[in-house]
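Single-letter residue listing:
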Amino acid sequence: MKAARIHRFGPPDVIVVDDLLRPTPGANQVAVRVASAGVGPWDALIRENKSAVNSPLPLILGSDLSGVVEAVGPGVTQFHSGDEVYGVTNPQFIGAYAEVALASANMIARRPVSLDFRQAASAPVVGVTAWQMLFDYAKVTAGQSVLILGAGGNVGAYAVQLASQAGLQVFATASSRDAQYVRSLGATTVIDYQRDRFEDVAPAVDVVLDMVGGEMRQRSLPVIKPGGILVSVVSEPTLDPVQSKIIRAVFFLVEVTTKRLDKLADLFGQGKLTSRVGTVLPLEQVRTAHEMLAGAPHPPGKIVLSLAEN
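Calculation notes
Residues numbered from 1 in each chain as written. Predicted model: local features only at pLDDT ≥ 70, side-chain atom pairs only at ≥ 80, totals over all residues. Heavy atoms only, no water. Helix = DSSP H or I, 4+ residues; strand = E, 2+ residues; numbered from the N terminus. Buried < 20%, exposed > 50% of the residue type's maximum accessible area, 1.4 Å probe, protein only. Contact = heavy atoms within 4.5 Å. Core = buried A, V, L, I, M, F, W, Y, C linked by side-chain atoms within 4.5 Å. Axes fitted to C-alpha atoms, helices over the stretch in contact; angles between N-to-C directions. Parallel < 35°, antiparallel > 145°, perpendicular 65-115°, else oblique. Left-handed = near helix turned anticlockwise from the far one by under 90°. Nonpolar A, V, L, I, M, F, W, Y, C, P; charged D, E, K, R; others polar. Salt bridge = Lys/Arg side-chain N within 4 Å of Asp/Glu carboxyl O.

A. Geometry of the environment of A202. Take A202: it is sitting in the loop between strand 11 (189-192) and strand 12 (205-210). A relative accessible area of 8% places A202 in the buried class. Taking C-alpha positions, A202 is 33 Å from Q119, a pair spaced 83 residues apart along the chain. Once residues within four sequence positions are removed from consideration, A202 is found in contact with F171 and I191.

B. Quick peek at the nonpolar core. Of all hydrophobic cores here, the largest spans 89 residues; its most connected members are Y97, I148, V160, V182, L209 and L305. Discounting chain neighbours no more than four positions away, the residues touching L209 are M133, L134, V146, L147, I148, L149, A159 and V231. Within the second largest apolar cluster, 14 residues are counted, among which are L147, F198, A202 and L221.

C. Geometry of the packing of helix 3 (residues 124-137) against helix 4 (residues 154-165). At a minimum axis distance of 8 Å, the contact between helix 3 and helix 4 shows a crossing angle of 50 degrees. Taken as axis vectors, helix 3 and helix 4 run oblique relative to one another. Between helix 3 and helix 4 lies a crossing of right-handed hand. Residues V126, G127, T129, A130, W131, M133, L134 and F135 of helix 3 form the contact with helix 4, whose participating residues are N154, V155, Y158, A159, L162 and A163. Taken together, the residues of the contact of helix 3 with helix 4 break down into eleven nonpolar, three polar and no charged.

D. Seen up close, the pattern of salt bridges. The tally for this structure, following the rule as stated, stands at 19 salt bridges. When the shortest N-O distance is used, the salt bridge between D200 and R197 registers 3.9 Å. In this structure, R260 engages E255 in a salt bridge whose closest nitrogen and oxygen atoms are separated by 3.9 Å. Among the residues examined, R260 registers a relative accessible area of 17% and is labelled buried. Each of R197, E199, D200, E215 and R219 takes part in one network of salt bridges that share partners.

Okay, here's the thing in structure tokens:
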């Protein structure tokens, strides 16, 4: 089989497509014939040796995937050969850029019937991240208000949809290019961060979801109501002694599980969630995909590698 992997850390040109033996699933693993693999910023961090992944080289990049179960390992009873699935490979977030990938059985679920394979591969990490931000960490309830920093991005777009569906008043920052799209997802108010200061537009809110970090995140802290919370997926937030007595702040790493993927699949099936695929490339153009992660021009939406006819 073909797989895109790295033999050393570095820029996109360290990625090579190698011919490898097809893997055999071990205990609690599933071998997936990959139809599509999502490409995300965490893949670039692994490629650059800037992540918490501690796997020996060479390693196959990629975590998000969709495809068809080819074989199951010992202990796997919930999936069978021929099942169409989506999810991620493993806690190390590696191994998906391959014609056959091994996935932990508790990190995949049946593919949402309303999504094709490319759309399904675009959703797992970013969709579950948004879900956890809102429901596992912020523990939002209907009637609350939320400010979403970076709503035009892949995580932000799911956060807007989920927050709107949960009955929240949604304030969102986005570029003018993405404003109409974010509004269509259910944002109450979209603030052009390039033109306006969000703190001059948004009222005090119960929750801030941070996909941006830096100066924008620091400016958001006074906008949070007493007892409210900032949830970041960028880095560990820092509160001064006064702020820490008034609000909470948390940083977390996503935990993709079958249960959470099933929740998303149900929402996709009901038409309450939509995916956004921006670029589809063959495996052979994986370096181009990573150049896009590094800033090369590309359409908004998720970058996906297509390994089979979808």
